[in-house]
Amino acid sequence: LPIVVKGFEMEITPASRIVAQIGETLILTCNTTGCASPSFSWRTQMDNPLGGTVNNHRTYSTLTMNPVSIVNSHDYLCTVFCGEKEKKEKSIKVDLYSFPSDPIIEISPSLVAGEPVTVICKIPDVYPSDHLEVLLKKEEHVLHKENFYEDDSTNTETKTVTYSFNPTAEDIGKEITCVAKLPIANMDFEPKERVTSQKLNANFGPQNTIITASPGNLPMEGDSLKLTCVTESNPPPQIVWRKYLADESIQHLIENDVLSIPHARFTDSGQYICEVINLVTNKTEKATVDIVIQAAPKNTLSVFPSSAVIQGESVTVSCTSADVTSVQSTLSKKIGDGITTLERVDGKYTIGRAQLKDAGTYECVFLLLFVAKSYLAFLFFSVPPQNITVLVYPSENVKEGENVTIICSTYSNPPSQMVLKKLHQEKEIILPSVNGTFILYNVTKNDTGRYLLDVFNEVGNNIKVIEIAVVGRLEKPDQMIPLIIAFSCVTAVAVPVVAILIYVSRKAKINGSYSLVKALQLKV
């Protein structure tokens, strides 16, 4: 096959036309093929200075512009010689622009509500400025448009757009936006639009300054007191708290918008001053509040001699406010959903002979300058065992092997305890109760005797005597009705006597002994 030899060729990159931003780096490259030892030369078509650095290599040459400047806006021609006879040329056009950063917004002077404001928008290092378009907007509303079509600048320049207007109070906080556009036909670069926004920040105040007090201007002694100074000001103001003293001097407290007193005392009463200072507008405003610390009532509610009362005793309920003459008080007794107001003498309500109907909840309410506080006392009665009823079944005279049941009821508060004692020649036998019940099984003549029933609580006791007589055995020793001595004491307020009969029939041998078993529990 014949050998094909490629001819001498050249190309220039990156393209026949390139767009470069002033200040950046641009490299133009001239490549050759088909020539062993080419030689290169660069020039502008108008023979202006290259404005760059040439570097020749074996088969290519570069022209580096670092940084690109306004002098590089030319058509560049690369010429390549291959030997003495062959020569080739190609050109590349460099178009320049400069749009390096977003606009800068300045609002001058410092904005004060109601006074004219000037908005300045600067677009740095623009080229060519005769294509520049600028919009000033407030939110979405266009305030001002400006272009520089008539500008004949041949270098980068910072262009400025200025606009003045009178803002309203509603304008505070709204965004002022500067939109800069550089639309150049047939030039491909990004971005062609740059935007900057800034909030319209007005300096004003202080104004409408007030002091709020929590829980109020008349707190009780010991309460937590918080004073808050509220104002309208921009920028935020400096706040100073002061207090007028008794000698008419002024005490400096703190520099904060909140003044807290964790535990208010009577000496914290007085006039407090909140002074608000705006260092930008150079204005000052003051607000004052009068605080009166109310002493808390003392010795509020008491019951003498005790809230636990024995029936028939005298008891006194005191509802008084010591050291505070301005306190109004009421004493009442709660009965179910109803309330009965009680008449007092020198703040005291006396019950001469206390009865059960006097038990209940007593409430003392204090009213001090529209602030009410309530205290409760509970009165209940202690009643010793009384009205004891004893039932012996089948009777106090039983046969050997029978059972005897003793049933009793009583009235007491608190609930009674009980013990059954058998009197013995040598010693006293004490039989403790199991839930108020005593049982003797298969009794013999040895169980004959006197029994003492002792019913007691913390405020008194009552004793009943029972005589038990056991006679002859049953005819059939293997068949008998056991003797039961059962004691059941019902300790309840106004509860009737409960008759409980335990009937037991079973076969057993007579062994002459007794045992306690669990029986019925009687409650008050």
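Look above for the structure.
The structure displayed is predicted, hence computed values, not measured ones. (Residues numbered from 1 in each chain as written. Predicted model: local features only at pLDDT ≥ 70, side-chain atom pairs only at ≥ 80, totals over all residues. Heavy atoms only, no water.)

Participant: Any chance you could explain the state of the cysteines here in plain terms?
Facilitator: Each disulfide consists of a covalent bond between the sulfur atoms of two cysteine residues. For the structure on display, the rule yields 5 disulfides. In this model Cys 30 forms its disulfide with Cys 78; the gap between the sulfur atoms is 2.1 Å. Taking the torsion about the sulfur-sulfur bond, which here is approximately -100 degrees, the covalent link between Cys 30 and Cys 78 counts as left-handed. With Cys 30 in strand β3 (residues 26-33) and Cys 78 in strand β7 (residues 75-82), the pair connects residues that are 48 residues apart, well separated along the chain. For the residue pair Cys 30 and Cys 78, the accessibility class agrees, reading buried in each case. The residue that forms a disulfide with Cys 35 is Cys 82, at a sulfur-sulfur distance of 2.1 Å. Every disulfide takes its handedness from the sign of the S-S torsion; for Cys 35 and Cys 82 that torsion is 105 degrees, giving right-handed. With Cys 35 in the loop between β3 and β4 (38-44) and Cys 82 in strand β7, this pair connects stretches of sequence that are 47 residues apart. The exposure classification of Cys 35 matches that of Cys 82, with both residues buried. The connectivity of the disulfide bonds within the protein chain can be written as 1-3, 2-4, 5-6, 7-8, 9-10, using the sequence rank of each bonded cysteine. (Disulfide = S-S within 2.5 Å. Helix = DSSP H or I, 4+ residues; strand = E, 2+ residues; numbered from the N terminus. Buried < 20%, exposed > 50% of the residue type's maximum accessible area, 1.4 Å probe, protein only.)

Participant: Sorry if this is basic, but what is going on with the pattern of salt bridges here?
Facilitator: Two side chains carrying opposite charge are able to pair once their charged atoms lie near each other. Summed over all chains, the structure comprises 15 salt bridges. Here Lys 87 ties to Glu 89 by a salt bridge, and the two come within 3.9 Å at their closest N and O atoms. Here Lys 122 makes a salt bridge to Glu 106, at a shortest N to O gap of 3.5 Å. Of this pair, Lys 122 sits in strand β10 (residues 117-126) while Glu 106 sits in strand β9 (residues 104-108); the two residues are 16 residues apart in sequence, bridging distant segments of the chain. Looking at Lys 122, the relative accessible area reads 29%, which means it is partly exposed. Of the residues examined, Glu 106 reaches a relative accessible area of 34% and is grouped as partly exposed. (Salt bridge = Lys/Arg side-chain N within 4 Å of Asp/Glu carboxyl O.)

Participant: Hey, could you run me through the environment of Ile 468 in this one?
Facilitator: Topologically, Ile 468 is positioned in strand β36 (residues 460-471). Using a relative accessible area of 3% as the deciding quantity, one classes Ile 468 as buried. C-alpha separation for the pair Ile 468 and Val 398, spaced 70 residues apart in sequence, amounts to 7.7 Å.

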